[in-house]
Amino acid sequence: MDYSQFLAMKQEIGLLVVFLLVFLYDTFMPKSTQKGLPAFTAILTLALALCGFCSYCLGTESTTVAFAGMYETSPIIAAIKNILNIGVVIVLIQSIKWANSDAMSMRRGEFYELLLVTLFGMYLMISARHFLLFIIGLEGASLPLAAMVALDKNRYESHEAAVKYILTAVFSSAIFMMGLSFVYGLTGSLYFENIYFALTGELNTMLIVAVAFVIAGIGFKLSLVPFHLWTADVYQGAPTSVTSYLSVISKGAAAFAFLVVLAQVFGALYSDVWEWMLYALIILTITVGNLFAIRQRNMKRFLAFSSISQAGYIMLGVIAFNTMGVAALMYYILVYIFSNLAAFGVIGAIENASGRVSMDDYRGLNRTNPRLAFAMMLAMFSLAGIPPFAGFFSKFFIFTSAINQGSVAIYVLVLIALINTIVSLYYYLLVVKAMYIADDECPVANFKSSCSERLGLWITVGGIILLGIASCCYSSLLDLSDISTMQMYFIN
């Protein structure tokens, strides 16, 4: 075996180094210094992200295949990993106050170690070009999340959420591997490329079922309807920092991995099989997410159904099935990271100070905590797609990439998505109305957020504003998509 192949896994090796340093700090540093672990982890992860961007700026990233074709890295793959790193850094910064609370003093290290393990699994999912490695990454990203959801041992809701998550994760994995067994029976291989060229023959029922099972298995990670039933309960029961990580980083990694699997494995079946499957899933996901979000009063459940709806929009980049769709999907994930984490940052700050998470508790927030109200308003505007904030441009690019596919069905799909965007305006503005217009006799009292909470909000608000102004980010992603090796499977 040529061990030099491991050098292709630069980002994975860097993440393992971060994990080992965090583990050593947690294990051997004296108890008096343990409160420095959250900041130490955030700094190391930031260094990892900066190294990734330096590699991109210096042009050192290239397409490399290792381990007999099971693993691949390229500029576009490195870019999505760097985008995930940005989100992880923000989550780590926002979690510092919670991690240093008395309730988390005995489990502080576990949170960060489990988080880094799940991120490593997501890296493998993104770079996998063989289903064995993909499953290792999928389970590595899923199972530790159940432990993270259950970190708050003093709350029954946290235990219930963890049980629901692990049971649905196991069930979805079983469906996914059942689909893979059908694929292996039809093609005799688990390599993405081999399967792609073996599936160019005549369609049969087993093949259609296999694709449906694979989509269902990954659809669980993305909370696509009807695989979303775990989402609201888990988001509500998990600690807020875990919920923000689950809703943004996990979803972003799964979306890109979903794109890779459909393009590089089942690309030849696009118009015959999975295009119409995704039409139904996207319409159901956006519509059900929007309608149920209107009914929610708990802010974490509200953002759970919001994230379900957002997953439907992200899937428009997949169904576009072109290089513009890849760039639009990555840009949407980047904008979604800043927008959603801004909302969770405000929710976490208020929950840490007062323990209140109901939308009714946000009435009059502008009078008592105007800065938090302003940050939440920008997050809602961006998630709703109101110009000139970043969310408007992410939706514009994702709709444009889908329309460029050119079929009549895609025009109808985009029209339905646009109508749902108008519906989403209503429930996002409900939060703004509560903060700026509605009155409450007992609003959330004025309080001073911690330095880490303020820093996290400044980063997310800055990202929402800057990404709405600077279009060079999307242009760079589009250039990377054009030179990606995946373009050979796309409709040009």
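My aim in this report is to walk through the structure given alongside it, one point at a time. Predicted model only: the values in this text are computed from it and were never measured.

1. Describing the overall build of the protein chain
Scanning the protein chain from N- to C-terminus turns up 20 helices and two strands. A compact globule built from 492 residues would reach a C-alpha radius of gyration of about 23 Å, and the protein chain, at 22 Å, matches this within 12%. Overall size of the protein chain, expressed as C-alpha extent along the three principal axes, is 70 × 55 × 45 Å. Burial analysis of the protein chain (492 residues in total) assigns 59% to the buried set. For the protein chain, the proportion of contacts with a sequence separation of at least 24, taken over those separated by at least 6, is 81%.

2. Here's the deal with the side chain of Ser158
By the secondary structure assignment, Ser158 is in helix α7 (residues 156–187). Among the residues examined, Ser158 registers a relative accessible area of 0% and is labelled buried. Beyond its immediate sequence surroundings of up to four residues, Ser158 is in contact with Val149, Ala150, Leu151, Asp152, Gly237 and Pro239.

3. Here's the deal with unusual backbone geometry
Pro226 follows Val225 through a cis peptide bond whose omega is 10 degrees. Tracing the chain through its elements places Pro226 in the loop between α9 (205–222) and α10 (231–237). Residue Pro387 is joined to Pro388 through a cis peptide bond whose omega torsion reads 5 degrees. Structurally, Pro388 is set in the loop between α16 (370–384) and α17 (390–403). With a phi angle near 55 degrees, Phe67 is a residue other than glycine that sits in the positive phi range. Of note, Phe67 is situated in the loop between β1 (64–66) and β2 (71–73). With a phi close to 60 degrees, Ala68 is a non-glycine residue in the positive phi region. Relative to the helices and strands, Ala68 resides in the loop between β1 and β2.

4. Comments concerning α16
If you check α16, its first and last C-alpha atoms are 21 Å apart, about what 15 residues at 1.5 Å a residue would give, namely 21 Å. Counting buried positions along α16 gives twelve out of 15 residues, so the element sits mostly inside the fold. Residues of α16 that are buried sit in contact with α13 (299–320), α14 (323–354), α15 (365–368), α17, α18 (408–436) and α19 (451–469). Just past α16, the residue Gly385 takes up positive phi, approximately 85 degrees.

5. Looking at the pattern of salt bridges
Applying the stated criterion across every chain yields a total of eight salt bridges. One salt bridge in this structure joins Glu72 and Arg129, with 3.5 Å as the shortest N-O distance. Placement of the pair is Glu72 in strand β2 and Arg129 in the loop between α5 (108–127) and α6 (131–149), with a sequence separation of 57 residues. The residues Glu72 and Arg129 share a single accessibility class, namely buried.

6. Re a nonpolar patch on the surface
Taken together, the side chains of Tyr3, Phe6, Ile13, Val17, Leu21, Phe23, Leu24 and Phe28 make up a nonpolar region of the molecular surface, amounting to roughly 780 Å² of accessible area. Tracing the chain through its elements places Leu21 in helix α1 (residues 10–28).

7. Points about helix α3 (residues 75–94)
Here α3 spans 29 Å end to end across 20 residues, near enough to the 28 Å set by a 1.5 Å rise per residue. In terms of burial, α3 is a largely internal element, 19 of the 20 residues being buried.

8. Topic: the packing of aromatic side chains
Remark: the centre distance and the inter-plane angle together describe each pair of aromatic rings, the angle taken between the planes. Counted under the stated rule, the structure contains 24 aromatic pairs. Taken together, a centroid distance of 4.8 Å and an interplanar angle of 55 degrees make the contact between Phe131 and Phe192 tilted. Taken together, the positions of Phe131 in helix α6 and Phe192 in helix α8 (residues 192–198) put the pair 61 residues apart, joining distant regions of the chain. By relative accessible area, Phe192 is classed as buried at 2%. Consider the rings of Phe302 and Tyr427, whose centres lie 5.6 Å apart with planes at 85 degrees: the pair is edge-to-face.

9. Here we look at the packing of α14 against α16
Between α14 and α16, the least distance of the axes is 9 Å, while the angle of their chain directions is 145 degrees. Handedness of the α14/α16 crossing: left-handed. Where α14 approaches α16, its residues Val335, Tyr336, Ser339, Asn340, Ala342, Ala343, Val346, Ile347, Ala349 and Ile350 are matched on the opposing element by Leu372, Ala375, Met376, Ala379, Met380, Ser382 and Leu383.

10. Remarks on the environment of His159
With respect to the element layout, His159 can be found in helix α7. Exposure remark for His159: the relative accessible area of 35% places this residue in the partly exposed category. Note: C-alpha distance between His159 and Phe220 (61 residues apart in sequence) is 20 Å. Setting aside anything within four residues of it in sequence, one finds His159 in contact with Asp152 and Lys153.

What counts and how
Residue positions are counted from 1 within each chain, in the order its sequence is given. It should be noted that, the model being predicted, local features are given only for residues of pLDDT at least 70 and side-chain atom pairs only at 80 or more, the latter also being counted only at that level, while totals for whole chains, interfaces and linings use all residues. Calculated side-chain values reflect all of the structure's heavy atoms, with hydrogen atoms and water omitted. Each helix is a run of DSSP H or I of at least 4 residues and each strand a run of E of at least 2, with the numbering of both proceeding from the N terminus. For the radius of gyration, the atoms used are the C-alpha atoms, and the globule rule reads 2.2 Å times the number of residues raised to 0.38. Accessible area is worked out with a 1.4 Å probe on protein chains only. A residue is then buried under 20% of its type maximum, exposed over 50%, and partly exposed in between. Contacts are residue-level and defined by heavy atoms, with any inter-residue pair within 4.5 Å sufficient. Expected span of a helix: the number of residues minus one, times 1.5 Å. Throughout this description, the term salt bridge denotes a Lys or Arg side-chain nitrogen within 4 Å of a carboxyl oxygen of Asp or Glu. Residues qualify for a patch when their relative accessible area is over 30% and they have no salt bridge, like charges being joined within 9 Å and the nonpolar side chains of Val, Leu, Ile, Met, Phe, Trp and Tyr within 5 Å. Calculation of accessible area relied on Shrake-Rupley with a 1.4 Å probe; when residues are assessed, cover is drawn exclusively from the protein chains displayed. Centre distance within 6.5 Å is the pairing criterion for rings of Phe, Tyr and Trp, where only the six-membered ring of Trp is used; planes under 30 degrees apart are then read as stacked, over 60 as edge-to-face, and the remainder as tilted. Inter-axis angles, ranging from 0 to 180 degrees, are taken between N-to-C directions of lines fitted to C-alpha atoms, where helices are fitted over the stretch in contact. Take the far helix as the reference: if the near one is turned anticlockwise from it by less than a right angle, the crossing is left-handed, and if turned clockwise, right-handed.

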